[in-house]
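# Coordinate inspection notes
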Amino acid sequence: MKYLDEFSDPELARRLLDDIHQTATRPWAMMEVCGGQTHSIIRHGLDQLLPEGIELIHGPGCPVCVTPLEMIDKALEIASRPDVIFCSFGDMLRVPGSDRDLFRVKSDGGDVRVVYSPMDALEIARANPDKEVVFFGIGFETTAPPNAMTVHQAHRLGIENFSLLVSHVRVPPAIEAIMTSPGCRVQAFLAAGHVCTVMGTDEYPDLAERFGVPIVVTGFEPLDILEGIRRTVHQLEEGRHELENAYPRAVQRSGNPTAIAMLDDVFEVVDRSWRGIGMIPASGWRLSEKYRAYDAEHRFSVTGIDTHESTVCRSGEVLQGLIKPHECEAFGTLCTPRNPLGATMVSSEGACAAYYLYRRLETPTLRPGAAAPKEVTSVG
Amino acid sequence: MAEQVVGAALDFEGWTCPLPLRDSPTVVMGHGGGGAMSAELIEHLFLPALANEAPELLGDSAVLDLGGARIAFSTDSFVVRPLFFPGGSIGDLAVNGTVNDLAMSGATPAYLSAGFILEEGTDLSVVGRVAERLGAAARAAGVSVVTGDTKVVDVGHGDGIYLNTAGIGLVPGGVDIGPHRARVGDVVIVSGDIGVHGVAIMSVRDGLEFGTEVLSDCAPLSGLVAAMLDVTPDLHALRDPTRGGLGTSLNEIARASEVGVELDEGKLPVPDVVTNACAFLGLDPLYVANEGKLVAFVAPGDAEAVLEAMRRHPLGADAAVIGTCVPEHPGMVVARTGFGATRVVDVPIGEQLPRIC
Amino acid sequence: MCLAVPGKVLATWEKDETPMATVDFGGVTKEVCLAYVPETTSDDYVIVHVGFALQRLDEQSALDTLELFRQMGELDAEFGDHWGRAADQAGLPRPAGTAEPASATPEGR
């Protein structure tokens, strides 16, 4: 496919890798924020090709992984109702709630449908006027504009049997939370390319300055990721900490102003709890007052939910980059993609799933200084 | 993998099976995906109940001794939706699916049964078209449908038409093909482009439709297998990678034979349009279904001749060597990426679903 | 997050007064909403996420980036890596692990 294939060229990858190898003189730890980047790195084995001291810490950029447990449980409750058609991206279907997932709800008779786009859910609402259609609106800033437009259309076209269950999260507050968390080893960030396609890059220079970390906007194809790493290594070696755009074909400084305007109209910033991490102020979005009628949480009063996480799951530490998946004692034993304890093992680009699927061959040793495994007091 | 207790009574209260089905007390869609959940359902629910002496229950077809003849016997059910899709129909799948399962044992498929489960209210012209395609496919494959059955279920219970076919064929002497027969050093050959059928089906599936000219590769492979057997009767393992794709089939053989499989990602024949469809849906071509392809594990000394014979046959024109069997990581399939790194190719959990991340 | 892929716009049209496009992803076509890049026309490339075009792909920028990658190896072959070059310029010994400059005529890789 044009503009994808060229960015997977192994010969050009070799040149980028050579430059990285020649430039790096000391160990550096950088975090790639976006789960899609994690997936690409592990899938192509790019981290295996880097100089030994360059470490990629996998960040919490997996909206599936960080959707709060309470939200999942609410989704499951709403999806179980007989008058509801519950639409979702495929990613969410196997995410474990407190005691089941959307697949189970479907099996128990719930009308759960996978769609490619939120607009498909709106079409389903149009075609089924006697049902309530709910769309599970998860995602980062990349997915927020499609969801916003869908609600905007519903409002404009008077499609009232449609609502959005909103669980959007924002990247810059997450970067702040990571940099202020004790034990943080991150020295640079590969910023999420498509998030910046929407939002532009103006939220990042201040973060780079405050925390003294290079922030390089990075794409998703192998060459894009290697180029992001290469520029980051150069900055680190040269003692710089600036914002750089290594994905200029898709990212402009001002982002997409039309999309940003729509986000300002449809959403408002709120505090949000990230599964496994905790509450990060101003890190989420909910529907604004104008569109509150389309908020599924508002429309379906969901109460009496008893949420409980697995006590063994350490996905929070994985999401913050404090441990690697294989350093969790449940990894590969109690917790596998077949029987995930937490969302990082379910989502295709959750770090735990990526490690399990692609990396079981290796038996890496524990990093010196990694937190000692917690006492296992009960199972799940 | 936990060992199953074959022959133990199936006790729904206490689950005598050491590794009970953990996911769910009810059937979920993942159980039909051809991946790990399907395998668990078979191993932990069906096999203990059906326990008998036949050893090859997990191959594509069973090879049985009956009155001195070696007969391959296979069955498959077809629940595809939509009934008619680009390049084929449920009728074509029903014939070729069973013909191919028999061919994977090296048998010459001979006779088929066809059971129809029809939903009340289905247009008879639709049933007629399916039957026509079934008949045409049988003639093209050189088999006869000699027995069958029809049942009707209430409206809302049948998705239009469900089909089951079962088939038998004779296995020639000296042929012993099975998933347990791969050996270290074997060459892994795939007969042509992968991922084609799955993309064709997805393009017309509700909620995912997209425009494409991809046609299903649904085809009977018995002729291709016969051409390969002409070179040598000692083919080790054959599989037609349907649900779960090539990745699943390679894992099944790797585990059954206790060998490692090393793949060269760059050698996998994936047509651009399949790569592109998978890119935009977030799927991996290794797990996308095929209906007219096979993967073969062949002794190294026979590989070149078998490959050439495949390429001379219309259904094997694009056959390619994609990997080898190695002593390392027995039971695991590992691929070398285009950049020289490695990644494990695992069995998918249930169905592959499009993703946004 | 953010599985977004580039595709080529084949045709533009309107639905419910919203600009739409048929986009080709290399043999696979899909209906895409252009509300966020309404100035898009046929033959443009757009980045598409869950059925929405988020940005037009800057083709010149893509070509420039690839050209930069291609030149990377050649520059190194001709001048040695930049640390080595800096060391040479300062009259200092070359850092460990850096390449010696190649001969005057750059080798094609």
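Fair warning: this is a prediction, and the values are worked out from it, not measured in the lab.

Broken down by element type, chain B carries eight helices and 15 strands. Burial status across chain B gives 50% buried among its 357 residues. Across chain B, contacts joining residues at least 24 apart in sequence account for 82% of those joining residues at least 6 apart.

Right, let's get into the overall build of chain A. Helix and strand content of chain A: 15 helices and 11 strands. Referenced to the eigenvectors of the C-alpha coordinate spread, the extents of chain A come out at roughly 65 × 50 × 40 Å. The 380 residues of chain A split such that 60% are buried. Of all intrachain contacts in chain A linking residues separated by at least 6 positions in sequence, the fraction that spans at least 24 positions is 78%.

This part is about the interface of chain A and chain B. Opposite the 44 residues of chain A that make contact, chain B presents 29 residues. Looking at the side of chain A that touches chain B residue by residue, the classes come out as 20 nonpolar, 13 polar and 11 charged.

Now for the sheet that holds strand S2 (residues 54-61) of chain A. Residue and element names in this part refer to chain A. Pairing is parallel across the open sheet formed by five strands, whose spatial order is S2-S1-S7-S8-S9. Among the strands making up the open sheet, the edge pair consists of S2 and strand S9 (243-245). Strand-to-strand, the axes of this sheet are offset by a mean angle of 25°, without reference to chain direction. As judged from the three bridges shared by strand S1 (residues 28-34) and strand S7 (residues 188-192), these two strands associate in the parallel manner. Looking at S7, one finds that methionine 30 is bridged to alanine 188. Packing of helix H2 (residues 35-44) onto the sheet brings it into contact with S1, S2, S7 and strand S8 (215-218), and relative to S1 it is tilted by some 120°.

For the rest of this paragraph, the subject is the environment of alanine 341 of chain B. Within the element layout of this structure, alanine 341 of chain B appears in the loop between strand S14 (333-336) and strand S15 (342-345). Non-local contacts of alanine 341 of chain B, meaning those with residues more than four positions away in its chain, are made with His44, Gly45, Leu46, Gln48 and Leu49 of chain A.

Now for the packing of helix H5 (residues 222-231) of chain B against helix H8 (residues 300-312) of chain B. Residues and elements named next belong to chain B. Taken N-terminus to C-terminus, the directions of H5 and H8 make an angle of 145°; their axes are 9 Å apart at the nearest point. For the pair H5 and H8, the crossing hand works out as right-handed. Here Leu224, Ala227, Met228, Asp230 and Val231 of H5 lie close against H8, whose contacting residues are Asp302, Ala305, Val306, Ala309 and Met310. Taken together, the residues of the contact of H5 with H8 sort by class into eight nonpolar, no polar and two charged.

This next bit is on unusual backbone geometry. Residue and element names in this part refer to chain B. Despite not being glycine, glutamate 258 shows a phi value in the positive range, around 55°. Considering the arrangement of structural elements, one finds glutamate 258 in the loop between helix H6 (245-257) and strand S11 (260-264). Even without glycine at this site, histidine 329 takes up a positive phi of about 35°. Assignment of secondary structure puts histidine 329 in the loop between strand S13 (320-326) and S14. Exposure remark for histidine 329: the 16 C-beta atoms within 10 Å place this residue in the partly exposed category.

For the rest of this paragraph, the subject is the interface of chain A and chain C. In this assembly, 44 residues from chain A lie in contact with 37 residues from chain C. Taken together, the residues that form the side of chain A that touches chain C break down as 23 nonpolar, 15 polar and six charged.

Adjacent strands of a sheet pair through backbone hydrogen bonds, lying either parallel or antiparallel. All names here are of chain B. With respect to topology, five strands assemble into an open sheet ordered S1-S2-S7-S5-S6, the strand pairing being mixed. Edge positions in the open sheet fall to strand S1 (62-66) and strand S6 (144-153), since each of these has one partner strand only. Here the strands of the sheet are splayed against their neighbours by 20° on average, with no regard to which way each runs. With 10 bridges joining them, strand S5 (residues 108-119) and strand S7 (residues 161-170) adopt antiparallel strand pairing. Following the sheet pairing, phenylalanine 116 is matched in S7 by leucine 163. Along the sheet, helix H3 (residues 124-141) makes contact with S5, S6 and S7, crossing S5 at roughly 175°.

Once that is clear, we can look at the pairing of strand S3 (residues 84-88) of chain A. Residue and element names in this part refer to chain A. By the criterion of burial, S3 is predominantly enclosed, with five of the five residues buried. With burial as the criterion, each face of S3 is covered, one bearing Val84, Phe86 and Ser88 and the other bearing Ile85 and Cys87. Pairing of S3 with strand S5 (residues 132-139) involves four bridges; the strand directions are parallel. The residue bridging valine 84 from the neighbouring strand is glutamate 132, located in S5. Since S3 and strand S4 (residues 111-114) lie parallel, the crossover through helix H5 (residues 102-107) that links them has a hand, and here it is right-handed.

Residue and element names in this part refer to chain B. Two strands pair when backbone bridges link them, and S1 and strand S2 (residues 69-78) are joined in this way by five bridges, in the antiparallel orientation. Its bridge partner being in S2, alanine 62 is matched across the sheet by phenylalanine 73. The hairpin turn running from S1 into S2, its antiparallel successor, is two residues long, and glycine 67 in that turn takes a positive phi close to 55°. Where S2 lies against S7, eight bridges are found, and the strand directions are antiparallel.

So, on to the packing of helix H1 (residues 10-23) of chain A against helix H11 (residues 222-237) of chain A. Residues and elements named next belong to chain A. Between H1 and H11, the least distance of the axes is 9 Å, while the angle of their chain directions is 15°. Viewed along their axes, H1 and H11 adopt a mutual orientation that is roughly parallel. Read as a crossing pair, H1 and H11 show a hand that is left-handed. Within the contact between the two elements, H1 uses Leu12, Ala13, Leu16, Leu17, Asp19, Ile20 and Thr23 and H11 uses Pro222, Leu223, Leu226, Glu227, Ile229, Arg230, Val233, His234 and Glu237. Of the residues belonging to the contact of H1 with H11, the class tally is 10 nonpolar, two polar and four charged.

To continue, consider the domain arrangement of chain A. Put simply, an interface is often sized by how much accessible area is lost when its parts join up. All names here are of chain A. Split into domains, chain A comes out as domain 1 (5-63 + 172-245), domain 2 (65-169 + 255-299) and domain 3 (315-358). Between domain 1 and domain 3, the C-alpha centre-to-centre distance is 21 Å. Facing the 16 residues of domain 1 at the interface are 11 residues of domain 3. For the side of domain 1 that touches domain 3, the elements supplying multiple residues, two or more each, are H2 and S2. Top element by residues in the side of domain 1 that touches domain 3 is H2. It accounts for six residues. The residue makeup of the side of domain 1 that touches domain 3, split by class, is seven nonpolar, eight polar and one charged.

Here is what the cut-offs are and how they apply
- Along each chain, residues carry numbers from 1 onward, in the same order as the chain's sequence is written.
- Chains and ligands are labelled sequentially in the order written, the chains with letters from A and the ligands with numbers from 1.
- Reporting in this predicted model follows two pLDDT cut-offs: at least 70 for local features of residues, and 80 or more for side-chain atom pairs to be given and counted; totals over whole chains, interfaces and linings ignore these cut-offs and use all residues.
- Each helix corresponds to a stretch of at least 4 residues labelled H or I by DSSP, and each strand to a stretch of at least 2 residues labelled E; elements are numbered beginning at the N terminus.
- To sort residues by burial, count the other C-beta atoms lying within 10 Å of each one's C-beta; a count of 20 or more means buried, 12 or fewer means exposed, and anything in between means partly exposed. C-beta atoms are built from the backbone.
- For every residue pair, C-beta atoms are placed from the backbone, and the pair is scored as a contact if these atoms sit within 7 Å.
- In this count, Pro and Cys sit with the nonpolar residues alongside Ala, Val, Leu, Ile, Met, Phe, Trp and Tyr, while Asp, Glu, Lys and Arg are called charged and the others, Gly among them, polar.
- The pairing criterion for strands is at least two bridges between them, as found by DSSP.
- Here an axis means a line fitted to C-alpha atoms, over the contact stretch when the element is a helix, while the angle between two N-to-C directions is reported on a 0 to 180 degree scale.
- Crossings are assigned a handedness: left-handed for a near helix turned anticlockwise from the far helix by less than a right angle, right-handed for a clockwise turn.
- By convention, a crossover is right-handed whenever its connection, traced from the first strand over the helix to the second and viewed with the strands pointing away, goes clockwise.
- An angle below 35 degrees is read as roughly parallel, one above 145 as roughly antiparallel, one from 65 to 115 as roughly perpendicular, and any other as oblique.
- Residue ranges assigned to the domains are those given by an automatic or database domain assignment.

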